[in-house]
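Letter by letter, the chains look like this.
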Amino acid sequence: MNKFTTALATGVLSLAPLMAAADSDDPIVIPIHNWSSQIVMSNVVGQIFEEMGLNVEYVTTDSQAVYESIRLGDVTLGMEVWEGAFGASFRAALEKGGIVDVGDHDAVTREDWWYPMWTKDACPGLPDWQALNECAAIFATPETGDKGRYLDGPVDWLKHGKERVDALGMNFEVINAGSAAALWAEIGAAEASKKPIVVFNWTPNFAEAVWPGEFVEFPEWEDGCDKDPAKGPNPDALYDCGNPADGYMKKAAWEGMEEKWPDAFAVLSKISFTNPQIAEMAKLVDIDDYEPEEAAEIWLEDNEEIWRPWIGS
């Protein structure tokens, strides 16, 4: 073999992971939801697949119904299966079949009631939930009358704030935000006057670096608290526990993905993001004001040492 042939063969081998010849030309369908890290991460993964020569299509989907869509093959994968928010929907789809667990991210998640630290000055018994309930009056608004106002996530996140209030007998009215951006706007508006507020929040996201705060400590999560009234302190109600304090974030895929797009599936199984990486993705949109597609490009450019090994280059 002469030097040119050797060089050509070496070049072909080095490009093999990018060519993905065994994968279908049909588009890999990636869902888009309504919070920044998920949108950016989905674009990051989509752009990685495009770097491999694959076709990608993005579709806006409900963040709970998406698991049924993945199970049926209408959507190919899901990048952010949060245990607290989507664990029940994900498990239900797994039981029906057609969807596979593609492993966990390194990130550890928590999703629950949260307050910025200035709120603790007005309610020093925090983070205990009973102390919060005793302070309910300081959270009252014209909208909630004499009850405290808790701003929950969007309705389709199914955070069960109202069920928890009822189960624990709390003097709060649950109001749903229209989007993640509405939650950040609420915190930002309260910051100037140090108005006490309690809202739904989660980690990882950029907010923990911008507004130091704490999660409310409810009765500790017990497996089955969302299904069995015997779990938790109220024997007659569900959702009387806090959410898991060290929840998973998984990846999911249609069970036919591995056969139809084997190279893409192999890469998906390797992908794993950390809390700081996910927070940075959200920050690029929520603080730096980039469009999600631009944010994904920036993240990929700044982190080649992380994602290049996933595709073997």
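Everything below is about the structure printed above this text.
Let us look at the structure shown here. (Residues numbered from 1 in each chain as written. Predicted model: local features only at pLDDT ≥ 70, side-chain atom pairs only at ≥ 80, totals over all residues. Heavy atoms only, no water.)

**Looking at the side chain of S272**
Worth spelling out the cut-off: The secondary structure listing takes helices from DSSP runs of H or I that are at least 4 residues long and strands from runs of E that are at least 2 residues long, numbered from the N terminus. In protein, a polar contact means a hydrogen-donor-capable atom and an acceptor-capable atom, both N or O and within 3.5 Å, with residues adjacent in sequence counting only if both atoms are side-chain atoms; elsewhere, any N or O pair within 3.5 Å suffices. Residues count as neighbours in contact if any of their non-hydrogen atoms are within 4.5 Å of one another.
When you line up the elements, S272 lands in the loop between α11 (262-270) and α12 (275-286). Polar side-chain contacts of S272 include one of 2.8 Å to the backbone nitrogen of D106. In contact with S272, other than residues within four places in its own chain, are D104, H105, D106, Q277 and W310.

**Re unusual backbone geometry**
Trans peptide bonds make up the majority, and among non-glycine residues the majority have a negative phi. The following threshold applies: The buried label goes to any residue with under 20% of its type's maximum accessible area, the exposed label to any with over 50%, and the partly exposed label to all in between, with areas taken from a 1.4 Å probe on protein chains only.
The omega angle of the peptide bond from L126 to P127 is 15°, so this bond is cis rather than trans. Its place among the elements puts P127 in the loop between α5 (117-122) and α6 (129-134). Across the junction of T203 and P204, the peptide omega takes the value 10°, indicating a cis bond. Among the secondary structure elements, P204 is positioned in the loop between β8 (199-203) and α9 (207-210). Non-glycine residue L158 carries a positive phi angle of around 50°. Along the chain, the position of L158 falls in the loop between β6 (148-152) and α7 (161-168). The exposure class assigned to L158 is partly exposed, which follows from its relative accessible area of 41%. Residues other than glycine seldom take positive phi values, yet K194 does so here, at roughly 55°. Examined against the element boundaries, K194 turns out to sit in the loop between α8 (180-191) and β8.

**Quick look at the nonpolar core**
Short version of the rule: Within this scheme, the nonpolar core is defined by two criteria: the residues are buried Ala, Val, Leu, Ile, Met, Phe, Trp, Tyr or Cys, and they are joined through side-chain atoms within 4.5 Å.
Membership of the largest hydrophobic core comes to 90 residues, with the highest contact counts inside it found for F49, W113, F172 and F273. It is helix α2 (residues 36-51) that provides the largest number of residues to this core, a total of six residues. Those residues in contact with F49, other than ones at most four positions away along the chain, are I28, I30, L54, V56, L77, M257, A264 and V267.

**Side note on the packing of aromatic side chains**
For the record, the criterion: Each pair of aromatic rings taken from Phe, Tyr and Trp, with Trp reduced to its six-membered ring, is defined by centres within 6.5 Å and is described as stacked if the planes are under 30 degrees apart, edge-to-face if over 60, and tilted in the remaining cases. Lysine and arginine charges are scored as sitting over a ring when NZ or CZ, respectively, is within 6 Å of the ring centre and within 35 degrees of the ring normal.
According to the stated counting rule, one finds 18 aromatic pairs in the structure shown. Where W113 meets Y150, the ring centres are 3.7 Å apart and the plane angle is 10°; that geometry is what we call stacked. With W113 in strand β5 (residues 110-116) and Y150 in strand β6, this residue pair connects regions lying 37 residues apart in the sequence. One aromatic cluster in this structure is built from W35, Y67, F86, F90, W157, W184, F200, W202, F206 and W211. The ring of F218 carries the charged tip of R164 above its face, separated from the ring centre by 4.3 Å. Over the aromatic face of Y248 sits the side chain of K250, whose NZ or CZ is 4.9 Å from the ring centroid.

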